[in-house]
Amino acid sequence: MDAQLRELIPFLRDRNPQVRQIALSHLLPQTPPGSPHRNVFFAGLQGGGLQAKPKDTDIIRDLKILCRDQLSIAHDAFRALVNLSDSPLIVTSLSEPSFLTFIVSYIIQQGSILADLASMLLSNLTSSAAACSMLISLHVSIIPGIEFYATQSRCGTSNPPDPYPSGEAKDVLALPLLLDAFATVTTDPDPSKRKRKGDLHFLASVFANISVAPAGRNFLLSPQPVKIFNPAELEYPLVKIIPFTEHKDTIRRGGVASTLKNCAFHAPGHKAILSPETDKVAVPPSTTLAPGVDALPYILLPLAGPEEFELEDQEKLPEALQFLPPTKTRESDPALRLMHVETLLLLCHTRWGRDYLREHGVYEIVRAAHLAETVDKISEHIERLVTLIKGEEPSDLNDLDESNLETIQDASVGVPEGVERRQISSAPLEDDDEDNKIEEV
């Protein structure tokens, strides 16, 4: 059977599109993990050693080219590469600059029909540290206008605009354009009325992947122009994705929750993450100011239920959490609830962060969440959080020197020195419990 499948490979380059489609349709079922003849796609691939540049096999090169073909062929080619991109050997080949530039350009271009499949592929590729590093610094060519045109997106499923824009192409950083694309997807159920053809939910996983790396966190917590060709007005890129923590799609809200948590590992960024938009904040060592991200309401909303609070407690809460309707429900996915509690734990790592959480009703929200929680691990993390928020701080701020805090290695290291422990329940918390460790995701 392997020999028969290999005989199909030359037909992927046939001039007749019907022949290319038939050959690809026979190869596609062998691409998912566990398929009996999947090794056909890996024959000849090399990796490791001192090899400077990965070498494509004929079939991988053909699949990359077929992603630019007409709709039915490109659809199957993208699907094949998504299935195969669980292999580090394939990821290395797919992360070469020209193909990565095409994928990103294709995703950001509004008319790209298969943008969701391209987003899935980019999500898989950025599970590799090398691909993440390349994406963070990647530039793409665009022609500015009312709606820019990504020149390297042109293919059978992403036609250039008519009339073709007359401006001069410029190379710009790709990540801000991916964030814009992710944040501006419309929810019209009629696809014909959408300018952007995909939902791009898997871009949330891309942002989560890049935020694992310090360079990715630094980008998300470094002021960037609100409009790519208007550097006068700045914002933190993280602000564009935080409104989706309660989105109906699990992939989107899960990726956003992961990104928030990963950014919270960067202790110098806590003030920018929590501060309201009305305050301009810099993330040390930078002195560039930008409006705060105001992330706290979006972290707390998934943990909040329909409970009514006393007026005094209600006034502590961020405005978005005051007087929630009786139909309000908590995040249904326990993994995401845990992630938000872990983010709050990370934000407690500085005295300023703990004070801010105390003053903005975090205890009131997590106390109610604790009563409703059914997962022991989440309850234990909430108890740890309450210990930090309700504990008494040292009266002399000089007792705690936090000036050298940078990346938080492990937020389960316990209560900062000088903070008195308190708990919701009488059950003691074990500081060395492996289950309580918080890791980047």
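Keep in mind it's a predicted model, so treat the numbers as computed, not measured.

Asker: Break down the overall build of the protein for me, citing the residues and quoting the values.
Answerer: Within the protein, the secondary structure is distributed over 19 helices and seven strands. Burial status across the protein gives 50% buried among its 441 residues. Put simply, 70% of the contacts in the protein that link residues at least 6 apart link residues at least 24 apart. Of the roughly 20,600 Å² that the protein leaves accessible, carbon and sulfur atoms contribute 52%.

Asker: Account for the environment of Leu336, with residues named and values stated.
Answerer: Checked against the element boundaries, Leu336 lands in helix α16 (residues 334–347). Along the primary structure Leu336 and Thr245 are separated by 91 residues, whereas in three dimensions their C-alpha atoms are 9.4 Å apart. Look past the residues within four positions of Leu336 in its chain and what remains in contact with it is Thr250, Arg253, Gly254 and Glu331.

Asker: Please give an account of the environment of Lys240 that cites residues and values.
Answerer: Along the chain, the position of Lys240 falls in the loop between β5 (230–235) and α12 (250–263). Lys240 sits in the buried class, given a relative accessible area of 16%. With 64 residues separating them in the primary sequence, Lys240 and Pro176 have C-alpha atoms 9.7 Å apart. Apart from the residues within four sequence positions on either side, Lys240 is in contact with Leu179, Asp180, Ala183, Val226 and Glu235.

Asker: Let's hear about the sheet that holds strand β3 (residues 170–173): which residues, and what values?
Answerer: Strand order in the open sheet made by the three strands is β2-β1-β3, with antiparallel pairing throughout. The sheet terminates laterally at β2 (149–150) and β3, the two strands that pair on one side only. As paired strands, strand β1 (residues 139–143) and β2 are joined by two bridges and run antiparallel to one another. Note on β2: the bridge partner recorded for Ile142 is Ala150. Relative to the sheet, helix α9 (residues 174–183) contacts β1 and β3, its axis offset from that of β3 by approximately 70 degrees.

Asker: Provide a residue-level description of the side chain of Glu383, including the pertinent values.
Answerer: The topology assignment puts Glu383 in helix α19 (residues 376–390). One buried charged side chain, Glu383, makes no salt bridge at all; its nearest oppositely charged neighbour is Arg384, positioned 8.5 Å away. At 3.0 Å, the side chain of Glu383 forms a polar contact with the side chain of His370.

Asker: Give a description of the pattern of salt bridges that names residues and reports values.
Answerer: For the structure shown, the criterion picks out 16 salt bridges. Residues participating in the shared-partner salt-bridge network are Asp180, Glu235 and Lys240.

Asker: Account for the confidence of the model for the protein, with residues named and values stated.
Answerer: The pLDDT averaged across the protein works out to 87; a share of 85% of its residues lies at or above 70. For the stretch residues 48–52, pLDDT sits under 50, and the model shows one contact to residues farther than four places along the chain or on other chains. Note on residues 410–434: pLDDT under 50 across the span, and 59 contacts to partners over four residues away in sequence or across chains.

Asker: With reference to specific residues and values, describe the packing of α12 against α16.
Answerer: The N-to-C vectors of α12 and α16 enclose an angle of 20 degrees; their axes lie 9 Å apart at closest approach. The angle between the axes of α12 and α16 places the two elements in the roughly parallel class. The element α12 and its partner α16 pack so that their crossing is left-handed. Residues Thr250, Arg253, Gly254, Ala257, Ser258, Leu260 and Lys261 of α12 form the contact with α16, whose own contacting residues are Leu336, Met339, His340, Glu342, Thr343 and Leu346.

Asker: Go over unusual backbone geometry, please, and point to the residues and values.
Answerer: A cis amide bond, omega 5 degrees, links Asp162 with the succeeding residue Pro163. Across the junction of Pro284 and Pro285, the peptide omega takes the value 5 degrees, indicating a cis bond. With respect to the element layout, Pro285 can be found in the loop between β6 (280–281) and β7 (290–291). Its identity is not glycine, yet Asp294 carries a phi of approximately 55 degrees, on the positive side. Considering the arrangement of structural elements, one finds Asp294 in the loop between β7 and α14 (296–300). The backbone of Phe323 sits at a positive phi, close to 55 degrees, despite the residue not being glycine. Of note, Phe323 is situated in the loop between α15 (311–316) and α16. A relative accessible area of 61% places Phe323 in the exposed class.

What counts, and at which threshold
Residues numbered from 1 in each chain as written. Predicted model: local features only at pLDDT ≥ 70, side-chain atom pairs only at ≥ 80, totals over all residues. Heavy atoms only, no water. Helix = DSSP H or I, 4+ residues; strand = E, 2+ residues; numbered from the N terminus. Buried < 20%, exposed > 50% of the residue type's maximum accessible area, 1.4 Å probe, protein only. Contact = heavy atoms within 4.5 Å. Areas by Shrake-Rupley, 256 points an atom, 1.4 Å probe, with all protein chains shown as cover. Pairing = 2+ DSSP bridges. Axes fitted to C-alpha atoms, helices over the stretch in contact; angles between N-to-C directions. Lys, Arg positive; Asp, Glu negative; His and termini not counted. Salt bridge = Lys/Arg side-chain N within 4 Å of Asp/Glu carboxyl O. Polar contact = N/O pair within 3.5 Å; in protein donor to acceptor, adjacent residues only side chain to side chain. pLDDT = per-residue confidence, 0-100. Parallel < 35°, antiparallel > 145°, perpendicular 65-115°, else oblique. Left-handed = near helix turned anticlockwise from the far one by under 90°.

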